Amino acid sequence: MTLNLATLYEAVAAAVPDRTALVCGDRALTFAGLDVRADAVAHRLRSAGVAPGEHVGLHMLNGLEYAETLLGCLKARAVPVNINYRYTDRELLHLYTDAGLAALVVDEEFAPAAARVAADCPALRHAVVLRTGEATAEEPSWPSRVSVADYTSEPGEAGPSLREGRSADDHYVLYTGGTTGLPKGVVWRHEDFYMAAVKGGNPYGDPRLSAEELADAAENGFELSFLLTMPLMHGAASYTLLMALFTGSKTILMRRFDALDALRTIDREKPMIVAVVGDAIARPLADAIRAHGAGYDLSSFKVLGSGGAILSRSVQDEFAELIPDIHINNGFGASESGVDGDISVGDDGLMRLAADPRVTVVDADMKPVAPGSDEVGYVARSGHVPLGYHNDPEKTARTFPVVDGTRWSVLGDMARVEADGTVVVLGRGSGCVNTGGEKVFPEEVEQALKSHPAVMDVLVAGVPDERFGERVAAVVELRPGASATVEELRAHCREHLAGYKVPAAVAFADEVVRSPSGKADYRWAKRVLTEKN
């Protein structure tokens, strides 16, 4: 049996049919119930003329229907495409047309925006609107060529054809970007995605190499439970959702993140693992625990897991103080590589990734960087990696080169290798600030600033400078009720950083702008800093 994502889920659902799979608010689904409803989604897509291999957009907030639609696409051998619901019309138009969406499932509050761009999306033929009671005043006006239907959760008969033709080579597309450029779609084979992004269905050991092995482990293994605080349209959230489903575990979804509501949800649903995306979600959660935690039963909360953004050392220390014996999993990975390992942030502020045979630091010629040298290279992964970017052979050739018959994923993260093979991750090369010939990685400066007790969030970027070419600058959001001057923050940085890394300019903002999932918006930071300096 092949490692096809739909087939893998069906095997687990058959093994643990009555176990709770999903919870969102006061609604829940068992594994069997989710399987039946996903079959119905798949049947409706096929009935609407969506063929295997065609792309279906998921333009939705978190909810049971998001997971049903994701699985339904996989069952129908259609390709689910995640849509960032905060995108502007320009970004939506790019994503819809770049992905060549044939169909769309959209929450009614986002339907007007979807309808506005649909006229310029020639491949789009079918739209399904999920009625959530959150409609906007604007009435959607769809082009006549787009058939529009309301979403229904009524189970339907799944045709036998849904089980035919499935392959490990079926595609899964994950759109990423939008903070430093237009979104781009990463194309995965099912098998590669399962092995790299979902860790072979086993977060703590060797991969499960068949549907039977996966189902047996789900039925007889240790049942986990996850609270997802971030939107499912984010890569790290989809990784976690599928990991939970493949291990027969319960996933609790928050429709939108609210720190105090997260405490209520932990108290009610008793998750073991709380998944976040970096400090943008973890820090407000820590503040809520400090202020209100005594009023809730948080005893089930044993693991804080972050993906998509690195937790700062200061936030990790806060959770260690607030939740005794908590385990913190600081995941390192990307849409282009899956899960690459766990990051530890040392007292020196450096981010270290344990040695892994699948992860290598290479130079510009794709040669491994020598351990113990000071040479800086690029983090790269081989083995189960994506096929490339959808509709972009030029970027594919740069990011996913094939060397001596091996396909690599070369990430934008810069790193060096210590003598024992440990990878020291320096930061994203595209954001590196070159100030007078010295290279400064924003992540290191952000770690230092976040360790100041008055700082809630921060983004660091380079701004033009006549003398040095660029200088380091920071946009800082202070904690509610806290105060700090520019000089106090600079003095704090001098205790942790070399002089040339200390921000030459600091701008204060009411809120640091990030994506709904917590991803940094460095374009916004550069714009703010350039305007204020």
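Residue numbers run consecutively from 1 along every chain, following the written order of its sequence. Given that this is a predicted model, residues contribute local features only at a pLDDT of at least 70 and side-chain atom pairs are listed and counted only at 80 or more, while totals for whole chains, interfaces and linings are drawn from all residues. Side-chain measures were taken over the full set of non-hydrogen atoms in the model, leaving aside hydrogen atoms and water.

### A short note on the pattern of salt bridges
For salt bridges, the criterion is a side-chain nitrogen of Lys or Arg within 4 Å of an Asp or Glu carboxyl oxygen. For the structure shown, the criterion picks out 44 salt bridges. The salt bridge involving D279 is made with R283; its shortest N-O contact spans 3.7 Å. With D279 and R283 both in helix α10 (residues 278–292) and four residues apart, the pair spans about one turn of that helix. Given a relative accessible area of 3%, D279 falls into the buried group. Each residue is placed in one exposure class: buried if its accessible area under a 1.4 Å probe, protein chains only, is under 20% of its type's maximum, exposed if it is over 50%, and partly exposed if it falls in between. On the basis of relative accessibility, which here comes to 1%, the residue R283 falls in the buried class. E487 serves as the salt-bridge partner of R494, at 4.0 Å between the closest nitrogen and oxygen. Since its relative accessible area comes to 44%, R494 is described here as partly exposed. Secondary structure counts use DSSP, requiring at least four H or I residues in a row for a helix and at least two E residues in a row for a strand, with both numbered from the N terminus.

### A closer look at a negative patch on the surface
Residues enter a patch when their relative accessible area is above 30% and they make no salt bridge; the linking distance is 9 Å between like charges and 5 Å between nonpolar side chains (Val, Leu, Ile, Met, Phe, Trp, Tyr). Areas reported as accessible are Shrake-Rupley estimates using a 1.4 Å probe. Residue values count occlusion only from the protein chains shown. Positive: Lys, Arg. Negative: Asp, Glu. His and the chain ends are not part of the count. To locate a charge, take NZ of a lysine, CZ of an arginine, CG of an aspartate or CD of a glutamate. Negative charge collects at one region of the surface, where D206, E213, D216 and E219 lie side by side. Of note, D216 is situated in helix α7 (residues 211–220). By relative accessible area, D216 is classed as partly exposed at 45%.

### Considerations on the sheet that holds strand β25 (residues 455–465)
Taking strand neighbours across the sheet as the criterion, the three strands line up as β25-β26-β27 in an open arrangement whose pairing is mixed. The sheet terminates laterally at β25 and β27 (505–508), the two strands that pair on one side only. On average, adjacent strands in this sheet sit at an angle of 25 degrees to one another, irrespective of strand direction. Strand pairing is defined by DSSP finding a minimum of two bridges between the two strands. Across four bridges, strand β26 (residues 469–478) lies against β27 in parallel orientation. To get an axis, fit a line to the C-alpha atoms, keeping to the stretch in contact for a helix; angles then go from 0 to 180 degrees between the N-to-C directions.

### Regarding the side chain of E446
Tracing the chain through its elements places E446 in helix α13 (residues 442–450). No salt bridge is formed by the buried E446, whose closest oppositely charged neighbour, K450, lies at an N-O distance of 5.1 Å. A polar contact of 3.0 Å, which involves the side chain of E446, links it to the backbone nitrogen of V460. Contacts of E446, omitting those with residues within four sequence positions, involve V458, L459, V460 and Y522. Throughout this description, a polar contact denotes any pair of N or O atoms lying within 3.5 Å of each other; where both atoms belong to protein, one of them has to be capable of donating a hydrogen while the other can accept it, and for residues adjacent in sequence the pair is counted only when both atoms sit in side chains. We call two residues contacting when some pair of their heavy atoms lies within 4.5 Å.

### Digging into empty space enclosed by the protein
With a 1 Å grid laid over protein atoms only, a set of points is called a cavity when a 1.4 Å probe fits there but cannot get out and a pocket when it is open yet has protein on both sides within 12 Å along at least five of seven lines; lining residues have an atom within 4 Å of a point. Grid points are joined across faces, edges and corners, and a volume is the space filled by probe spheres set on the points. Tallied over the full model, the rule gives two cavities of 30 Å³ or more. Taken together, L58, Y66, L70, P80, V81, N82, Y172, V173, L174, L232 and S238 form the lining of the largest cavity. Of all the elements in the fold, those that place two or more residues in the lining of the largest cavity are α3 (64–75), β4 (79–82) and β8 (171–176). Residue polarity follows a fixed list, in which Ala, Val, Leu, Ile, Met, Phe, Trp, Tyr, Cys and Pro are nonpolar, Asp, Glu, Lys and Arg are charged, and the others, Gly among them, are polar. Across the lining of the largest cavity, the residue classes tally to nine nonpolar, two polar and no charged. One number sums up the size of the second largest cavity: a volume of about 50 Å³. Lining the second largest cavity we find G349, L350, M351, V425, L426, E443 and E444.

### Thoughts on the nonpolar core
Only buried residues count toward a nonpolar core, which is a set of Ala, Val, Leu, Ile, Met, Phe, Trp, Tyr and Cys residues joined through side-chain atoms within 4.5 Å. Judged by nonpolar contacts, the single largest core of 127 residues is most densely connected at W142 and F319. With sequence-adjacent residues up to four places away left out, F319 is seen in contact with A282, L285, A286, I289, F301, L304, I326 and I328. Counting 18 residues, the second-largest nonpolar core is a separate cluster that includes A448, A454, V460 and V476.

### Some details on the environment of Y389
One can find Y389 in strand β19 (residues 388–389). Residues Y389 and L45 lie 344 residues apart in sequence; the distance between their C-alpha atoms is 25 Å. Discounting chain neighbours no more than four positions away, the residues touching Y389 are K184, G185, V186, V187, E336, K395, T396, T399 and F400. Of the polar contacts made by the side chain of Y389, one reaches the side chain of E336; its length is 2.8 Å.

### What to know about the pairing of strand β22 (residues 423–428)
With five of its six residues buried, β22 lies for the most part within the structure. Pairing of strand β16 (residues 351–353) with β22 involves three bridges; the strand directions are antiparallel. Opposite M351, over in β22, you have V425 as the bridge partner. Where strand β21 (residues 406–417) and β22 come together, five bridges link them in antiparallel fashion. Residue pairing for β22: A415 is matched across the bridge by V425.

Note that all results are geometric; they support no functional claim without further evidence.
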